[in-house]
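Chains, contacts and geometry: an overview
What follows is the residue order along each chain.
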Amino acid sequence: MSKTVVLASVVRQESITGMVKKLELSVPEIAREVQAGQFVHLRVADSFYPLLRRPFSIADADAAAGTITLIYRIVGQGTALLARLDCEDFVDCMGPLGTGFSIQGEKPLLVGGGMGLAPLVMLARTLCPRPVEVLMGGRNEQELFWPDIFNNVCQHTHITTDDGSIGRRGFTTDLLPELLTKVKYDIIYACGPQAMLSGVVKIAREFDIPCQVSLEEYMACGIGACLSCTCAVQGGKRRKVCTDGPVFWAGEVIW
Amino acid sequence: MSKTVVLASVVRQESITGMVKKLELSVPEIAREVQAGQFVHLRVADSFYPLLRRPFSIADADAAAGTITLIYRIVGQGTALLARLDCEDFVDCMGPLGTGFSIQGEKPLLVGGGMGLAPLVMLARTLCPRPVEVLMGGRNEQELFWPDIFNNVCQHTHITTDDGSIGRRGFTTDLLPELLTKVKYDIIYACGPQAMLSGVVKIAREFDIPCQVSLEEYMACGIGACLSCTCAVQGGKRRKVCTDGPVFWAGEVIW
Amino acid sequence: MSCAKDMLAVEIAGIKMKTPVMTASGTFGFGLEFIDFIDLKQVGAIVVKGTTLVPRAGNSGRRIAETPAGMLNSIGLENPGVEEFVNQILPQLAQSQVPVIVNIAGNTVEEYGELAARLNLPDVAGLEINISCPNVKQGGIAFGTCPDSAAQVVGAVRVKTNKPVIAKLSPNVTDIVVMAKAVEAAGADAISLINTLLGMAIDIHSWQPVLGNTVGGLSGPAVKPVAVRMVWQVAQAVHVPVIGMGGIMTAADAIEFLLAGASAVSVGTANFINPYAAVNVAEGIRDYLMERGLTHVGEIVGKVGNCL
Amino acid sequence: MSCAKDMLAVEIAGIKMKTPVMTASGTFGFGLEFIDFIDLKQVGAIVVKGTTLVPRAGNSGRRIAETPAGMLNSIGLENPGVEEFVNQILPQLAQSQVPVIVNIAGNTVEEYGELAARLNLPDVAGLEINISCPNVKQGGIAFGTCPDSAAQVVGAVRVKTNKPVIAKLSPNVTDIVVMAKAVEAAGADAISLINTLLGMAIDIHSWQPVLGNTVGGLSGPAVKPVAVRMVWQVAQAVHVPVIGMGGIMTAADAIEFLLAGASAVSVGTANFINPYAAVNVAEGIRDYLMERGLTHVGEIVGKVGNCL
Ligand SMILES: Cc1cc2nc3c(=O)[nH]c(=O)nc-3n(C[C@H](O)[C@H](O)[C@H](O)COP(=O)(O)OP(=O)(O)OC[C@H]3O[C@@H](n4cnc5c(N)ncnc54)[C@H](O)[C@@H]3O)c2cc1C
Ligand SMILES: Cc1cc2nc3c(=O)[nH]c(=O)nc-3n(C[C@H](O)[C@H](O)[C@H](O)COP(=O)(O)OP(=O)(O)OC[C@H]3O[C@@H](n4cnc5c(N)ncnc54)[C@H](O)[C@@H]3O)c2cc1C
Ligand SMILES: Cc1cc2nc3c(=O)[nH]c(=O)nc-3n(C[C@H](O)[C@H](O)[C@H](O)COP(=O)(O)O)c2cc1C
Ligand SMILES: Cc1cc2nc3c(=O)[nH]c(=O)nc-3n(C[C@H](O)[C@H](O)[C@H](O)COP(=O)(O)O)c2cc1C
Ligand code: FES
Ligand code: FES
């Protein structure tokens, strides 16, 4: 599973909502190797502006077609430049990076918030034919375009929105205990904002269900060389989110 | 003749040779006002890379159509980015800048070398219906695409190339004394490399013919504020190439 | 009453400005170069090009070079001298009714004093002492990197003028706070920073320095993090107002300086790229304040680390 | 005989390198992070992450921020400590047959000496003394901005090792030449520069410093003009070789440093963007020499101002 830097060509770029886009890249070297939860590190401009690469989870991959899919939100200059890419443009792509999800159990629950749902798409596909359920949260109906994406790869989606415009009103962490009481899930995979993750981890611990979380950190190198992304773990040590993670067992991380 | 900054839209961009391109911009505010010898200052990217604007002579203008034409050579990063512009793209354009040629005399000779020929195109058109002759120099035939451009706007072109592949072998300054001996030109307008200009000025002085030269300098602001472009003139003073020039009377400049 | 005009009005060392956005010396000419683009009255104050006792031709050879997100300059204080400035330029500039601050540079302590005396004129709103120009061999940078000489220069100016005196600091020092305290103690009414960082570029084809003067001053976005850091350090250490500059291109950049502790800011290199920069930056600051329900720019000065 | 391999071979303070392109401390991990991309033997020398006597967790909060053509970092010298380095990492790295230079950082003069003693090992090619880290409160920068303490640190290391000693200078000083002469006099075999410029960024939405540590070190293309200037100043003033760094992204950048007087260069921030950077830069230097009919990289060192 060696890392490479390749010029990936854009196969398709489409808008999901005003600010969220889906980018399909042809990059067989990575599509072949990638495991759910890994990410790519893109150089969005051949310029010093922006200078650093940008990390994006691999939301899906098709080894046969040699393509990977990213789902990203335009939040700043780097993602704005990414959004300008057209079919047949090239983008400098490093990957696959990081340590992905560890596939186990028989009855998984995936919990995702915001753009944290991206890596869960590929995870859900990887978990097939297990009966995958996804608990997803977002601010409002508009932001919750995710059910459409997950419908093909999972059995059931549970939805919460902050404003109740779709699904249950509240946070994923409000609905989670209820789900765990009803169904005997044997593993939880979570990705999303820090606040959501710590909530999920706490509930998983209460219900005594193993839980993996995918973390986000500001990254320079993406390959373990700069130490910009390290996080404190049990035992007074620190680990690198870019190589030891982004996926960690919940018990390892200090919240 | 006030200066403005406007978003000019690209009407046409075409290659003249591999590295020389012609760019037609729609920018009525400037097309209306410009005088031969003036220039525009372009911001080629909405980025800090490159940071500064780039100056280009206005090679031609069509007040009715509201367009100006630039002829430029790709020499570095700024011009490379300029060359990527497509029809309907926009470029941030400041102009018209500088003091152009002073139109006078009845029998003008225009002397140009390399990209210095660009502003002479508009000058030739402006001098119509006077019988304009152009003495042009370049490295080789390939670089001398200029006769095609000048044919519509002048009576006669005299050509020199360093390698003799077209026209007379040698420099414009080799042919110039000969021309001045044969024909009674009453004014010389010159634009091109420093070495050519100083040669032309010396010969013009010997033949006692008034001469205007257009200078080039590294420019930051283009509007007289930074003093990056000043040159020494007679009387121990300095003048700004961007506002007092780029066109000066030969006698004023110190060579 | 939070009228949109008052939101931005500030008074720095007794100089009343309509906005906290000034223009940096050497980057705005004598202001008049910009009248095709902006109404000078919309600028907080204009700091004119460094002025010397006698006219200076400046450095020879190439004077600017572009660098990543920055530029090097080695103008070398080309200027018409204080006489011509006072007689020819100042009367014109005065008509635009914007505070005019004269940036002065001398070769000796006495020259600074003389310049100050010569500029005790009604049309001069204040003096900015350039003890930090990296482009002049004698004086300049030498004064700017030694706290004692910097204090001497400020003292010499102080005794010769009743105008507000702004000391402009060089970033090319080990401890900017020591410099700031020295000029404050010597009587500076305000401190402006940063001047340019000393830099160099080499043409790898010709093997020659790109600039005629070999070295030059680095300015532009590249230096902003250094400038913000120094403004933050100085603002905590002195009691006089700080004028922040270095790489301000947008209102967001200016707000960083204000939060760091600058009471006003200057726009420099940005003027070359966008002649409306000083006005755009002021408008952007106003928008920022309004979006947050703030009523005056002073409410954000030095607020880094606080909560909105 | 100008075999393509020999063109780039250099010996810096007794350390034999296949190319004059090293990797800068803190930007290349322990080298092993790059083996998927390059054969480490193709690198001149690897300077590993700053190593301390006891393990350090580094700074908390956000550690990097992007700035125009640059980045700020405040890693805070996170490292596993010299024991783990020696026992776990060095043996692996030694297998790659590339000179390994250990960057050392202490809180006291004695700690530097102890580190040097602990690293007197066959697999260590040399020591780089980090007297200039802006991210550690105690020590670090303090040593790096005072010539006497810098000399003391170098002296303490000198007596404890027979390895080549490289002193790494901070650019955050008024006079880099004074610092260079001080460490040379104290026994440094080579001088490397520049470390990062102290900078700061503020989040204008939250009003908080972007970095957890408030300030951080600026690196990348933005700082190149400052770095080239300092290398040029130092190379003229000392007799030991200079290792130049600061914003090198391409061979052209590296050649600027060589012309300015650096005998070797280090690639830093560029490694994050292009993991092949050190190799690409070396190849580009070779092409440059060949195009000009030169036979060895030494022929361009310090040649600024000369004619090709
Ligand atoms: C492992 C990993 C996977 C990610 N996967 C996705 C994804 O699938 N979809 C998606 O929309 N976003 C994802 N992100 C976040 C994404 O990297 C940022 O949104 C993006 O870098 C923003 O760049 P920008 O230039 O537009 O924003 P700016 O805010 O201008 O970026 C400035 C700097 O901050 C960094 N940065 C900004 N936001 C983040 C963030 N949330 N996490 C880490 N660094 C950040 C940038 O990389 C850059 O260095 C992921 C982040 C990580 C670490
Ligand atoms: C008044 C004026 C009119 C000009 N008209 C034309 C024209 O009609 N056609 C044309 O091809 N070129 C013209 N030039 C030159 C043109 O400005 C440069 O070729 C261009 O700026 C190069 O930019 P770059 O980023 O590609 O090159 P780089 O070499 O990367 O530029 C680096 C820096 O040097 C400056 N620079 C580089 N070459 C020159 C130069 N010859 N003169 C001044 N500054 C330079 C750039 O503006 C930039 O600031 C003119 C220059 C001036 C001053
Ligand atoms: C071309 C140029 C000329 C300058 N001339 C002066 C000067 O005469 N006096 C002075 O104090 N500062 C001078 N400066 C420094 C600026 O006033 C300012 O301190 C510096 O450029 C940092 O701000 P910026 O990054 O916004 O440009 C000059 C800067 C530039 C770019
Ligand atoms: C993330 C990061 C970590 C660094 N850590 C160290 C360090 O531990 N010791 C040290 O001497 N320099 C350290 N540096 C400084 C670099 O070695 C180098 O001097 C500096 O970054 C300038 O080079 P560059 O612009 O090519 O990156 C670090 C730089 C960065 C960006
Ligand atoms: S991003 Fe560099 S170590 Fe993780
Ligand atoms: S380019 Fe600024 S004064 Fe001429």
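What you see is a predicted model, and the numbers here were worked out from it, not measured in a lab.

Okay, the overall build of chain A next. Scanning chain A for helices and strands turns up six helices and 16 strands. In summary, chain A has a C-alpha radius of gyration of 17 Å against a globular reference of 18 Å for 255 residues, a match within 12%. Along the longest, intermediate and shortest principal axes, the C-alpha atoms of chain A span 50 × 45 × 35 Å. Expressed as a percentage of the 255 residues in chain A, the buried residues total 57%. Sequence-distant contacts, at least 24 apart, represent 61% of the contacts inside chain A between residues at least 6 apart. Put simply, chain A shows about 10,500 Å² of open surface, and 49% of that area lies on carbon and sulfur atoms. Where the 24 positive side-chain charges of chain A centre and where its 27 negative ones centre are 5 Å apart.

Residue and element names in this part refer to chain D. Relative to each other, helix 7 (residues 251–260) and helix 9 (residues 277–291) sit at 65 degrees, their axes nearing to 8 Å. Judged by the angle between their axes, helix 7 and helix 9 are roughly perpendicular. Considering only the axes of helix 7 and helix 9, their crossing is right-handed. Counted together, Ala-251, Ala-254, Ile-255, Leu-258 and Leu-259 of helix 7 and Val-281, Gly-284, Ile-285 and Tyr-288 of helix 9 form the full contact between these two elements. Its residues placed into classes, the contact of helix 7 with helix 9 shows eight nonpolar, one polar and no charged.

On to the interface of chain D and chain C. It is common to give the size of an interface as the accessible area that goes away when the parts come together. Each side of the interface is counted separately: chain D has 48 residues, and chain C has 48 residues. Taking both sides of the interface into account, the surface hidden between chain D and chain C amounts to around 3,800 Å²; carbon and sulfur atoms contribute 69%. Together, Met200(D), Ile204(D) and Trp207(D) form the three largest contributors to the area buried by chain D at its contact with chain C, with a combined 22%. Applying the counting rule to chain D against chain C returns zero salt bridges. The interface formed by chain D and chain C includes 17 residue pairs in polar contact (both at pLDDT 80 or more). Going through the elements one at a time, strand 11 (197–200), strand 12 (215–219), helix 6 (224–237) and helix 7 of chain D are the ones with two or more residues in the side of chain D that touches chain C. Class assignment for the residues of the side of chain D that touches chain C results in 30 nonpolar, 12 polar and six charged.

Feature annotation in UniProt places "binding site: substrate" (unreviewed entry) on Lys49(C), Asn73(C), Ser74(C), Ile75(C), Gly76(C), Leu77(C), Asn130(C), Asn195(C) and Thr196(C), given in this structure's numbering. Along the polypeptide, Lys49(C) turns up in strand 4 (residues 46–51). Those residues in contact with Lys49(C) that lie beyond four places of it in its chain are Leu227(B), Ser25(C), Gly26(C), Gly29(C), Phe30(C), Ile75(C), Leu77(C), Glu78(C), Asn79(C) and Asn103(C). With respect to the helices, strands and loops of the structure, Asn195(C) is situated in the loop between strand 10 (190–193) and strand 11 (197–200). Residue Asn195(C) is classed as buried on the basis of its relative accessible area, which comes to 12%.

Ranked by internal contacts, the top residues of the largest apolar core, which has 323 residues, are Phe85(C), Leu193(C), Ile285(C), Phe85(D), Leu193(D) and Ile285(D). Discounting residues that sit within four places of it in the chain, Leu193(D) has contacts with Leu169(D), Ile176(D), Met230(D), Val231(D), Val234(D), Val242(D), Ile243(D), Gly244(D) and Met245(D).

Now for the confidence of the model for chain C. Residues at a pLDDT of 70 or more form 95% of chain C, whose mean pLDDT is 94. With pTM at 0.96, the complex prediction returns an ipTM value of 0.96.

Glancing now at the UniProt feature "binding site: [2Fe-2S] cluster" (unreviewed entry) in chain A. The feature "binding site: [2Fe-2S] cluster" (unreviewed entry), as annotated in UniProt, sits at Cys221(A), Cys226(A), Cys229(A) and Cys242(A) in this numbering. The annotated residues occupy 22 residues of the chain but converge on a single region, no pair of C-alpha atoms lying more than 10.1 Å apart. Among the structural elements, Cys221(A) can be located in the loop between strand 13 (211–214) and strand 14 (230–233). Leaving out residues up to four positions away in the same chain, Cys221(A) has contacts with His41(A), Met94(A), Cys226(A) and Phe272(D). Its location among the elements puts Cys242(A) in the loop between strand 15 (237–240) and strand 16 (247–249).

Let us look at helix 3 (residues 118–127) of chain A. Most of helix 3 of chain A sits out of view: eight of its 10 residues are buried. Where helix 3 of chain A is buried, its residues touch strand 4 (54–57), strand 5 (60–62), strand 6 (67–73), strand 8 (108–113), helix 4 (146–150) and strand 12 (187–191) of chain A.

What follows covers the pairing of strand 10 (residues 190–193) of chain D. Residues and elements named next belong to chain D. Both faces of strand 10 are covered, namely the face carrying Ala-190 and Ser-192 and the face carrying Ile-191 and Leu-193. Bridge analysis of strand 9 (residues 165–168) against strand 10 gives three bridges, and the strand direction is parallel. The residue bridging Ala-167 from the neighbouring strand is Ile-191, located in strand 10. Note that the unit made of strand 9, helix 5 (residues 176–185) and strand 10 has a crossover that is right-handed. Direction of pairing for strand 10 relative to strand 13 (residues 242–244): parallel, over a ladder of three bridges.

What follows covers the domain arrangement of chain A. Residue and element names in this part refer to chain A. Taken domain by domain, chain A consists of domain 1 (4–97) and domain 2 (108–249). The centre of domain 1, based on its C-alpha atoms, is set 21 Å off from the matching centre of domain 2. Listed by partner, the interface residues are 21 residues for domain 1 and 21 residues for domain 2. Between domain 1 and domain 2, the buried area comes to about 1,700 Å², and carbon and sulfur atoms account for 70% of it. Taken as a group, Ala-36, Asp-60 and Ile-71 account for 27% of the area that domain 1 buries against domain 2, more than any other trio of residues on that side. Taken together, domain 1 and domain 2 are joined by one salt bridge. Where domain 1 meets domain 2, there are three residue pairs in polar contact (both at pLDDT 80 or more). Every element with two or more residues in the side of domain 1 that touches domain 2 is listed here: strand 3 (39–43), strand 4, strand 5, strand 6 and strand 7 (90–97). Counting residues per element, the side of domain 1 that touches domain 2 draws most heavily on strand 6, which supplies three residues.

This part is about the relation of the copies chain D and chain C. Aligned on chain C, chain D shows an RMSD of 0.0 Å; the corresponding rotation is 180 degrees and the shift along the axis is 0.0 Å. Each copy turns onto its partner about a two-fold axis. A symmetric contact is evident, with 100% of the interface residues of chain D recurring at the interface of chain C.

On to the UniProt feature "binding site: FAD" (unreviewed entry) in chain A, then. Residue and element names in this part refer to chain A. In the numbering used here, UniProt assigns the "binding site: FAD" (unreviewed entry) feature to Arg-54, Pro-55, Phe-56, Ser-57, Ile-71, Tyr-72, Arg-73, Gly-78 and Thr-79. Relative to the elements of secondary structure, Pro-55 occurs in strand 4. One can find Tyr-72 in strand 6. Owing to a relative accessible area of 1%, Tyr-72 belongs among the buried residues under this scheme. Sequence-distant contacts of Tyr-72, defined by excluding residues within four places in its chain, comprise Gln-13, Met-19, Val-20, Lys-21, Leu-23, Phe-56, Thr-79, Leu-82, Ala-83 and Met-115. In this structure the side chain of Tyr-72 is engaged in a polar contact, spanning 2.8 Å, whose partner is the side chain of Gln-13.

Here the focus is the sheet that holds strand 1 (residues 4–15) of chain B. Residues and elements named next belong to chain B. Read across the open sheet, the seven strands follow the order 4-3-7-1-2-6-5; overall the sheet is antiparallel. Each edge of the open sheet carries a strand with a single partner, namely strand 4 (54–57) and strand 5 (60–62). On average, adjacent strands in this sheet sit at an angle of 35 degrees to one another, irrespective of strand direction. Of the pairings in the sheet, the one linking strand 1 to strand 7 (residues 90–97) comprises six bridges and is antiparallel in character. Within strand 7, the position partnered with Leu-7 by the bridge is Asp-92. In this fold helix 3 (residues 118–127) packs onto strand 4, strand 5 and strand 6 (67–73), with an angle of close to 50 degrees to the strand it touches most, strand 5.

Conventions we followed
- Residues numbered from 1 in each chain as written.
- Chains lettered and ligands numbered in written order.
- Predicted model: local features only at pLDDT ≥ 70, side-chain atom pairs only at ≥ 80, totals over all residues.
- Heavy atoms only, no water.
- Helix = DSSP H or I, 4+ residues; strand = E, 2+ residues; numbered from the N terminus.
- Rg over C-alpha atoms; globule rule 2.2 N^0.38 Å.
- Buried < 20%, exposed > 50% of the residue type's maximum accessible area, 1.4 Å probe, protein only.
- Contact = heavy atoms within 4.5 Å.
- Areas by Shrake-Rupley, 256 points an atom, 1.4 Å probe, with all protein chains shown as cover.
- Lys, Arg positive; Asp, Glu negative; His and termini not counted.
- Charge placed at Lys NZ, Arg CZ, Asp CG, Glu CD.
- Axes fitted to C-alpha atoms, helices over the stretch in contact; angles between N-to-C directions.
- Parallel < 35°, antiparallel > 145°, perpendicular 65-115°, else oblique.
- Left-handed = near helix turned anticlockwise from the far one by under 90°.
- Nonpolar A, V, L, I, M, F, W, Y, C, P; charged D, E, K, R; others polar.
- Buried area = accessible area lost by both parts, 1.4 Å probe.
- Salt bridge = Lys/Arg side-chain N within 4 Å of Asp/Glu carboxyl O.
- Polar contact = N/O pair within 3.5 Å; in protein donor to acceptor, adjacent residues only side chain to side chain.
- UniProt positions renumbered as here; feature names shortened; annotations may be inferred.
- Core = buried A, V, L, I, M, F, W, Y, C linked by side-chain atoms within 4.5 Å.
- pLDDT = per-residue confidence, 0-100.
- Pairing = 2+ DSSP bridges.
- Right-handed = clockwise from strand over helix to strand, strands pointing away.
- Domains from an automatic or database assignment.
- Least-squares fit on C-alpha atoms with pLDDT ≥ 70 in both.

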